[in-house]
Amino acid sequence: MKIKLYAVLKDYFPATVELSTDVTSISELKEQLEKQNPSAKAILDVSRFAVDDTFVSLEHDLNGVETVNVIPPSSGG
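These figures come from a predicted structure and were not determined experimentally.

## A look at the pairing of strand S1 (residues 2-5)
- Residue alternation in S1 divides its side chains into a buried set, Ile-3 and Leu-5, and an unburied set, Lys-2 and Lys-4.
- Relative to strand S2 (residues 16-18), S1 runs antiparallel, the two sharing three bridges. Counterpart to Ile-3 in the pairing with S2 is Val-17.

## Concerning the pattern of salt bridges
- Under the definition given, this model contains three salt bridges.
- Asp-45 is paired through a salt bridge with Lys-30; the nearest N and O atoms lie 2.7 Å apart. With Asp-45 in helix H2 (residues 41-45) and Lys-30 in helix H1 (residues 26-36), this residue pair connects regions lying 15 residues apart in the sequence.
- Judged by relative accessible area, which is 40%, Asp-45 ranks as partly exposed.
- Between Asp-45 and Lys-41 there is a salt bridge, with its nearest N and O atoms 2.9 Å apart. Of this pair, Asp-45 and Lys-41 both sit in helix H2, four residues apart, which is roughly one turn of the helix.
- By relative accessible area, which is 39% here, Lys-41 ends up partly exposed.

About the thresholds
- Residues numbered from 1 in each chain as written.
- Predicted model: local features only at pLDDT ≥ 70, side-chain atom pairs only at ≥ 80, totals over all residues.
- Heavy atoms only, no water.
- Buried < 20%, exposed > 50% of the residue type's maximum accessible area, 1.4 Å probe, protein only.
- Helix = DSSP H or I, 4+ residues; strand = E, 2+ residues; numbered from the N terminus.
- Pairing = 2+ DSSP bridges.
- Salt bridge = Lys/Arg side-chain N within 4 Å of Asp/Glu carboxyl O.

Encoded structure:
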């Protein structure tokens, strides 16, 4: 599964992460990312997740072949 991280999340992770562990939901993916870098928990808690370019909930099921985008809140104009 390919995970793409944006903005401030790139301070905690590479821009793209290949995840080889078995995760079956966005919630499990979020937990896995928090385990990899606990200091990113606060920003992950307020980030949105998109699967194949569609925003999804934490309960969304994953099959392991999607591309997941993790998008933190941003500001600007």
